[in-house]
Amino acid sequence: MTKALSTQSTGPARGRGVTAVLGPTNTGKTHLAIERMLAHDVGVIGLPLRLLAREVYDKVAARAGANQVALITGEEKIKPPSARFYVCTVEAMPRELEADFVAVDEIQLAADAERGHVFTNRLFHARGLNETLLLGAATMRDAIREVLPGAISVSRPRLSNLSYAGEKKITRLPRRAAIVAFSVNDVYAIAELVRRQRGGAAVVLGALSPRTRNAQVELYQNGDVDFLVATDASAWGNLDLDHVAFAGVRKFDGHAHRNLSPSEIGQIAGRAGRHMNDGTFGVTGQVPPFDPELIERLETHSFDQVGMLQWRSRTLNFASIEALKESLREMPEHPRLTRSRMVDDVIALENVTRDEGICDLARSPAAVGLLWEMCQIPDYRKVSPTDHADLAATLYRYVMSDEGKIPEDWFANQVSQTDRTDGDLDTLSNRLAQIRTWTFVSHRAQWLHDPEHWQDRTRRIEDKLSDALHERLTQRFVDRRTSVLMRRLRDKEEMMAEISEDGQILVENHFVGSLDGFRFTPDASSDGIHGKAALHAATQVLATELASRAAALAAAADETITLTPNGRIVWQGSEIGRLTRGDTALKPRIELFTDEYLGPPDRERVTARLASWLAAYLDAKLKPLIALSEAQDLTGLARGLAFRLAENLGVLRRDTAAAEIKALDQADRGQLRKYGVRFGAFNLYFPALLKPAAAELLLLLWVLHAGQEHDLTTDTLPERPKQGLTSVPADKAIPEPYWRAAGFHVAGNRAVRIDMLERLSDLIRARVIWRQAAVTDAQTEANGTNRKEPAAPPTGATGDGGFRVVPELMSMVGCSGDEFTSILRALGFRLERRKIEGENGADAIPATAESAPAETPHTETPLAETAAAESTATEPAPAALETPAAGTADAVAEAPKDAAPTPEPAFDEIWRPGKRRDTQRPQHARGKGRKPPEAGDRPPRHGKGHNKAKGNERGQAKGQDRDGQARQGRDRQGQPKRERMLPEHSPFAALKDLRDSLAARSRPEKS
């Protein structure tokens, strides 16, 4: 395959028979070389990377048959006995094989600082018997013309156009694009972003094994993902790329970070647009836009010619270590060539030979040659030059030992350390780099006892690690579910979709979301393009299913639709809407829980059905209130009160409408009663609406309409008191309108159910108005005939307009003590405490608790008015009941010191209606402006004015003043009435004596 050509010769014969096929990317150069090789009996092609060698091997094997094709790389050798075609890396091209055809790809790499000397060597010495092709960029034209003047140069134009697309965000990049970065961390970060935003990416790194690289490329090629993130452009192969985006334009070349040259950028950008398809390139991320001059050079493929070619002497001297080093330092004489710099193998040699023990072993040419082979082991691990030199030295010592081989146990231990697939991407990548080193060593048959065994073992481990790395890359950067959906959507294939009973939507057996009622919720575990793919896939079945559900709801019975306490409308176990604030409290609006997948006609159908259901629901639960709000037969004050009742959701405090209620005539009252309105002592209300179901609905309507004024919503609304409770503590943090809407009246420290408060009012009224039955006539009483028995008093009644608190009253509202006291005070009652005289103390309180209560029919008259009127005529003049009698202090002072302590005084607590300010008799108009008489002044003499007033009293009801109110037992100045002293011989005095005598006789019978 090779001919000894002098690199110093400049004659025209050098290069004869060589054809240089030059041009930019996508010119079909590699395809031409494969076709020409298959036309010969024996052919060899050298490629720059093991990845590309594997790709070309697969193509050639597919055409010529696997038994006709050999693959030779530093880490892999497939050599059938009858192989005719050899696909190799440039470094592994066989030197002694006589082939009819030889081709070297990417010949412009002869200028590469790391590997250039290898390509320069093949440029000068790799020759076919019949045909030799050098494939590369047009930038090699001048260099080949100078060093191979006899070679024929052929230019091939690009098959498609390449244009600049400007700057784009990663989220805006077109499909079928490659994103270029120049560090592993950058590649991973970009791939993660693409996964979140665009559905996933294939990852290609120079350090990947061919198996991993091919698996990742396959993800891109078959359409599972639309993006490729990579570092080494040469490792991509012939991919179907439409766009190349540069996420970086600086790289580390092994010595320093530098900017890419225009030709390097052109080599990468030219990968866009394969065959006849045009391609584009641009920048993304933090890379600034390219300047116009660079853009023009990239679009026209106009780059500077390659300058110097890297060169290393082909004839190395292995006589000694120093002779070897000296031959490596040999300088070329051709002006186009430059000595190769210190690269990995030379650095390893320098480090290894610092060990005197190694130098002692390398005394013969064979030993020096073996040492040089050890130093040429690729540094896949990239730990450090010293570490790599230590590995080479260790292997050299083993092979130079008496055994002459690497120990089986040691090598097995090194290999077994890599035989694990756990860990993250970096861990797997490091293990893969280690096994690649041992794979390379295993292909040096003279170094191992059983090289075939170790070649198989290391190959299987490498494949296993490669598959694990591919799986990790896919798991991290690709969602296969989304990939399948996106590919089928893109290809417009019909997909199998179904909806389970619980609303889960499955497309091609992939869960894409759930349908709850009329709302579709995409899979929460997906984001970015994942959610979009799920939406697109689910759209095919959503429209049909939603239309079917809308039709089912339209035909559904009212009983199948329910309303939750927080205002949600539920149908078939799913929330399909909620109530919101409307124009009035009794007319809330409906907000549908739907999305854009429900068509307008179906949306209107659902809206109409829910509106009719809500009207029927409110009418069923709040029938009397709804009827009153829609009544057309009410007029005047009755119509006004009906409006206020509807506005206040069926409960109206009586004191807020006292004037209107007082002005109602019986006809108006009858109209309101016809609709179920009850005129209570404290509220106007509907008894039917105090039931739990109606009350909860009223509370919901209140918070919807007025809750925002009190910072309350349907979700923060306090729970209504439980059924059966007649009163509860009135939380100060809860506004009073809440209690009213819930059917409770706030009285003191308690919120009392409205109907129970009215029942309590009735019970108290019966006790306040009760009086001791009077005799029919004083004379019949004197004769002892026809006397009437007194009526049984209600428990706690005092007979003088007051009452005592008894269990019957407290049980009505379910509280006692201070809480019940606060209710009575809030209702307008006052407490009167009378000191109980005598030894019996509390036993002196009249025992009325065992008497049966008197049944008193409900009346519409407010309790305060009735009680005040009844108590005014009979209320005793206030006496100093709690003031000690005269002389008490002196008696106490004179008591002996050893006397027993005085017991605590007992009091009789009697409740009475509070004074009404409007019951005070107004001053006569004629007396207007006069100074009122002082207390203790003599009453006015009898005169015209006095007689006139007395006449007026005769025309009024007994015990009432001109305003129809009960007398208070006080004159207009608020002083107690004075009893007039009757003359001793007056007939009135005799009548008084007779009355007292009759009363005394009746006492024993009463007891």
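Residues numbered from 1 in each chain as written. Predicted model: local features only at pLDDT ≥ 70, side-chain atom pairs only at ≥ 80, totals over all residues. Heavy atoms only, no water.

1. Some thoughts on the overall build of the protein chain
Moving on, step 1. A count of helices and strands for the protein chain gives 33 helices and 34 strands.
Moving on, step 2. Across the 1007 residues in the protein chain, those meeting the buried criterion constitute 45%.
Moving on, step 3. Across the protein chain, the fraction of contacts at a sequence separation of at least 24, relative to all contacts at a separation of at least 6, is 70%. (Helix = DSSP H or I, 4+ residues; strand = E, 2+ residues; numbered from the N terminus. Buried < 20%, exposed > 50% of the residue type's maximum accessible area, 1.4 Å probe, protein only. Contact = heavy atoms within 4.5 Å.)

2. Points about the environment of Leu610
Moving on, step 1. Its place among the elements puts Leu610 in helix 19 (residues 600-621).
Moving on, step 2. For Leu610, a relative accessible area of 0% translates into the label buried.
Moving on, step 3. Note: C-alpha distance between Leu610 and Glu591 (19 residues apart in sequence) is 9.9 Å.
Moving on, step 4. Excluding residues within four positions of it along the chain, Leu610 makes contact with Leu553, Ile561, Ile569, Ile576, Ile590 and Leu592.

3. So, the sheet that holds strand 19 (residues 497-499)
Moving on, step 1. Here we have 4 strands laid out as an open sheet, ordered 19-20-21-22, and antiparallel in their pairing. Strands at the two margins of the open sheet, each flanked by one partner only, are strand 19 and strand 22 (519-522). Strand-to-strand twist of the sheet, defined as the mean angle between neighbouring strand axes without regard to direction, takes the value 25°.
Moving on, step 2. Both strand 21 (residues 510-516) and strand 22 contribute to a ladder of 4 bridges, which runs antiparallel. When the sheet's bridge partners are listed, Ser514 is paired in strand 22 with Thr521. (Pairing = 2+ DSSP bridges. Axes fitted to C-alpha atoms, helices over the stretch in contact; angles between N-to-C directions.)

4. Thoughts on the sheet that holds strand 13 (residues 243-246)
Moving on, step 1. Read across the open sheet, the 6 strands follow the order 9-16-13-10-12-11; overall the sheet is parallel. Of all strands in the sheet, those bounded by a partner on one side alone are strand 9 (162-167) and strand 11 (202-204). Recorded for the sheet is a direction-independent mean angle of 20° between the axes of neighbouring strands.
Moving on, step 2. Relative to strand 12 (residues 227-230), strand 11 runs parallel, the two sharing 3 bridges. Its bridge partner lying in strand 12, Val203 is registered against Val229.

5. Description of unusual backbone geometry
Moving on, step 1. For His301, which is not a glycine, the phi torsion comes out positive at approximately 60°.
Moving on, step 2. With respect to the secondary-structure elements, His301 resides in the loop between helix 8 (292-300) and strand 17 (309-311).
Moving on, step 3. For His301, a relative accessible area of 27% gives the class partly exposed.
Moving on, step 4. A positive phi angle, near 55°, is found at Asp711, a position not held by glycine.
Moving on, step 5. Summarising the element assignment, Asp711 is placed in the loop between helix 24 (692-706) and strand 30 (727-729).

6. So, helix 9 (residues 321-328)
Moving on, step 1. With 6 of 8 residues buried, helix 9 lies mostly within the body of the structure.
Moving on, step 2. Buried residues of helix 9: Ile321, Ala323, Leu324, Lys325, Ser327 and Leu328, and no others.
Moving on, step 3. At its buried positions, helix 9 is contacted by strand 18 (337-339), helix 10 (344-352), helix 11 (356-361) and helix 12 (365-375).

7. Some words on the packing of helix 6 (residues 210-221) against helix 16 (residues 451-477)
Moving on, step 1. Relative to each other, helix 6 and helix 16 sit at 35°, their axes nearing to 8 Å. Taken as a pair, helix 6 and helix 16 cross one another with a handedness that is right-handed. Between helix 6 and helix 16, the contacting residues are Pro210, Arg211, Thr212, Ala215, Gln216 and Leu219 on the first element and Glu462, Asp463, Ser466, Asp467, Leu469, His470, Leu473 and Thr474 on the second. (Left-handed = near helix turned anticlockwise from the far one by under 90°.)

8. Brief notes about the environment of Asn509
Moving on, step 1. With respect to the secondary-structure elements, Asn509 resides in the loop between strand 20 (504-507) and strand 21.
Moving on, step 2. The class of Asn509 is exposed, set by a relative accessible area of 68%.

9. Quick word on the pattern of salt bridges
Moving on, step 1. Counted according to the given criterion, the structure contains 56 salt bridges.
Moving on, step 2. Asp226 is the salt-bridge partner of Arg176, the closest N and O atoms lying 3.6 Å from each other. Linking Arg176 in the loop between strand 9 and strand 10 (177-180) with Asp226 in the loop between helix 6 and strand 12, this pair joins segments that are 50 residues apart in sequence.
Moving on, step 3. One network of salt bridges, with partners in common, ties together Arg50, Arg54, Asp58, Glu76, Arg211, Arg459, Glu462, Asp463 and Asp467. (Salt bridge = Lys/Arg side-chain N within 4 Å of Asp/Glu carboxyl O.)

10. Overview of the packing of aromatic side chains
Moving on, step 1. All chains considered together, the criterion is met by 16 aromatic pairs.
Moving on, step 2. The interplanar angle of 55° and the centroid separation of 5.1 Å between the aromatic rings of Tyr398 and Trp410 together place this pair among those described as tilted. With Tyr398 in helix 13 (residues 385-399) and Trp410 in helix 14 (residues 408-416), this pair connects stretches of sequence that are 12 residues apart.
Moving on, step 3. Between Phe520 and Tyr597, the ring centres sit 6.1 Å apart and the planes meet at 90°, which makes this aromatic pair edge-to-face. Separated by 77 residues along the polypeptide, Phe520 in strand 22 and Tyr597 in the loop between strand 26 (589-592) and helix 19 bring together distant segments of the chain. (Phe/Tyr/Trp six-rings, centres within 6.5 Å; stacked < 30°, edge-to-face > 60°.)

11. Focus: a negative patch on the surface
Moving on, step 1. On the surface, Asp291, Glu293, Glu296 and Glu299 cluster together to form a negatively charged patch.
Moving on, step 2. Inspection of the secondary structure puts Glu293 in helix 8. (Patch = residues over 30% accessible without salt bridge, like charges linked within 9 Å, V, L, I, M, F, W, Y side chains within 5 Å. Areas by Shrake-Rupley, 256 points an atom, 1.4 Å probe, with all protein chains shown as cover. Lys, Arg positive; Asp, Glu negative; His and termini not counted. Charge placed at Lys NZ, Arg CZ, Asp CG, Glu CD.)

12. A short note on the packing of helix 19 against helix 24
Moving on, step 1. Where helix 19 meets helix 24, the axes come as close as 9 Å, and the angle between the chain directions of the two elements is 125°. Taken together, the axes of helix 19 and helix 24 lie oblique to each other. On helix 24, the residues touching Tyr617, Leu618 and Lys621 of helix 19 are Ala693, Ala694, Leu697 and Leu701.
Moving on, step 2. Here the contact of helix 19 with helix 24 is built from residues that sort into 6 nonpolar, no polar and 1 charged. (Parallel < 35°, antiparallel > 145°, perpendicular 65-115°, else oblique. Nonpolar A, V, L, I, M, F, W, Y, C, P; charged D, E, K, R; others polar.)

13. Some thoughts on the pairing of strand 5 (residues 85-89)
Moving on, step 1. Taking burial as the measure, the 5 residues of strand 5 include 5 buried ones, the bulk of the element.
Moving on, step 2. Going residue by residue along strand 5, you find Phe85, Val87 and Thr89 tucked away on one face and Tyr86 and Cys88 tucked away on the opposite face as well.
Moving on, step 3. Sheet topology places strand 2 (residues 43-47) next to strand 5; 5 bridges connect them, and they run parallel. Within the sheet, the bridge partner assigned to Val44 lies in strand 5 and is Tyr86.
Moving on, step 4. Alignment of strand 3 (residues 69-72) against strand 5, held across 4 bridges, turns out to be parallel. Across the sheet, Val69 pairs through a bridge with Phe85, a residue of strand 5.

14. A closer look at helix 8
Moving on, step 1. Every buried residue belonging to helix 8 is among Leu294, Ile295, Arg297 and Leu298, and all of these are buried. Along the long axis of helix 8, the arc covered by the buried residues comes to 165°, so they all point the same way. Turned more than 90 degrees off the buried face of helix 8, the exposed positions are Pro292, Glu293 and Glu296.
Moving on, step 2. Next to the buried residues of helix 8 lie strand 9, helix 7 (262-269) and strand 16 (279-283).
Moving on, step 3. Of the residues flanking the end of helix 8, it is His301, one or two places downstream, whose phi is positive at about 60°. (Arc of directions from axis to C-beta.)

15. What to know about the confidence of the model for the protein chain
In low-pLDDT segments, the atomic positions of the prediction should not be examined closely.
Moving on, step 1. Of the residues in the protein chain, 77% have a pLDDT of 70 or more, and the chain-wide mean is 81.
Moving on, step 2. Here residues 867-897 is a poorly scored stretch, pLDDT under 50, and it has 35 contacts once near neighbours within four places are set aside; other chains count.
Moving on, step 3. Counted against residues more than four places away or in other chains, residues 918-982, with its pLDDT under 50, gives 49 contacts. (pLDDT = per-residue confidence, 0-100.)

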